[in-house]
Amino acid sequence: MWHQLLERIQAGNFQAIARAISLVENEVEGHEAFLQSLPNGGTPVTGITGPPGAGKSTLTDALIGYWTAEGKKVAVLCVDPSSPFNMGALLGDRIRMSDWYNHPGVYIRSLATRGSLGGLHPYIIEITAILQAGGFDEIIIETVGVGQSEIEIAGLADTTVVVVVPEAGDEVQTMKAGLMEIADVFVVNKSDRPDADAFVRNLRLMMAPAFHQDKPIEVIKTVASQKEGIEALALAIAQHHQHISLTERKIWLLTERVYQLIAKNRMKPYDKKKIYQQLQEKAQTEQFNLFAFVHDFSNTGNA
């Protein structure tokens, strides 16, 4: 089954890609061997992140339009926030990208974070590897925009695009320690608003001395709803993709991915439902101590 599935994925079959993603998410027997058989994918990954309301989905939609007009095949993973109780997605980015539902060169899938603190899906690395085997020219990962913990995207995307809006001027200093440090390209979206030019100038001035980059970080003005600035953004992404071919950058990205996969594998023995059941019994007692509970559970699996 897995061998045939891989052949269909490499042929660009969207149904096979969707099935493989579901099988891996559900940890169906044989999925680990299947992942180990995937070819080394060279498709560049662009991460789009930023605060809520910055227009990430609209920008993604515009990028899809630009790349498909060039004849490229595009895959998009939209990582939605999930309910902390049932782990289901609360939003559906595919609704906002309905123009691409039936496009033969576009594959879009929404994923729930399922409680992942970094704003990404727990199987995002595996799913990305499946897409890289699918013959796509571009892969976009649009994240939920949960704030500074969003830096997890930097370990996955070859190029990280951070989207902000002109009104974010007062927030720039607080963002600097998180989102702004991971940016490979900045996008100031909704730049038809007042004071956008002043914000862009200040952003460029702040970037130069603060981050000690060998190469200045591009700051692109866009009005994604009007498709303005998209060509300049696509060019900046392409230029950065070429830059990341440098060995040191690539090895660092791989190091982050290996670290995340090892950490996830180490966590497999810990069942969240079992933790919940144990807490139901003990959390209401006067003697309950969170740190003692974690210590006991980690050592025995049964606090």
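Residues numbered from 1 in each chain as written. Predicted model: local features only at pLDDT ≥ 70, side-chain atom pairs only at ≥ 80, totals over all residues. Heavy atoms only, no water.

**Thoughts on the confidence of the model for the chain**
For the chain, the mean per-residue pLDDT works out to 81, and 78% of the residues sit at or above 70. Within the chain, helix α2 (residues 14-25) carries the highest mean pLDDT (95), whereas helix α5 (residues 93-96) carries the lowest (53). Every residue in residues 83-94 is under pLDDT 50, and counting partners more than four places away or in other chains gives 29 contacts. Confidence over residues 115-119 falls short of pLDDT 50; this stretch has 13 contacts with residues more than four positions distant or in other chains. (pLDDT = per-residue confidence, 0-100. Helix = DSSP H or I, 4+ residues; strand = E, 2+ residues; numbered from the N terminus. Contact = heavy atoms within 4.5 Å.)

**Quick word on the sheet that holds strand β6 (residues 185-188)**
With parallel pairing, seven strands are arranged side by side in an open sheet as β3-β2-β4-β1-β5-β6-β7. Of all the strands in the sheet, just β3 (106-112) and β7 (218-221) have a single pairing partner and so form its edges. Pairs of neighbouring strands in the sheet enclose a mean axial angle of 20°, with direction left out of account. Sitting on the sheet, helix α4 (residues 56-69) touches β1 (45-49), β2 (74-80), β3, β4 (138-142), β5 (159-164) and β6, and the angle it makes with β4 is about 175°. (Pairing = 2+ DSSP bridges. Axes fitted to C-alpha atoms, helices over the stretch in contact; angles between N-to-C directions.)

**Quick word on helix α1 (residues 2-10)**
Turning to α1, its buried residues number three or more, namely Trp2, Leu5, Leu6 and Ile9. Taken around the axis of α1, the buried residues stretch over an arc of 100°, which confines them to a single face. When the buried face of α1 is taken as reference, the exposed residues oriented beyond 90 degrees from it are His3 and Gln4. Taken together, the buried residues of α1 touch α2, α3 (31-36) and α6 (124-132). Gly12 sits one or two positions beyond α1 and adopts a positive phi of about 85°. (Buried < 20%, exposed > 50% of the residue type's maximum accessible area, 1.4 Å probe, protein only. Arc of directions from axis to C-beta.)

**A look at the pattern of salt bridges**
Applying the stated rule across the entire model yields seven salt bridges. The residue Glu126 makes a salt bridge to Lys264 at a minimum N-O spacing of 2.3 Å. Highlighted residues: Glu126 in helix α6 and Lys264 in helix α11 (residues 247-267), separated in sequence by 138 residues. On the accessibility criterion, Glu126 (9% relative accessible area) is buried. In the salt-bridge network here, residues are joined through shared partners; they are Glu70, Lys72 and Glu138. (Salt bridge = Lys/Arg side-chain N within 4 Å of Asp/Glu carboxyl O.)

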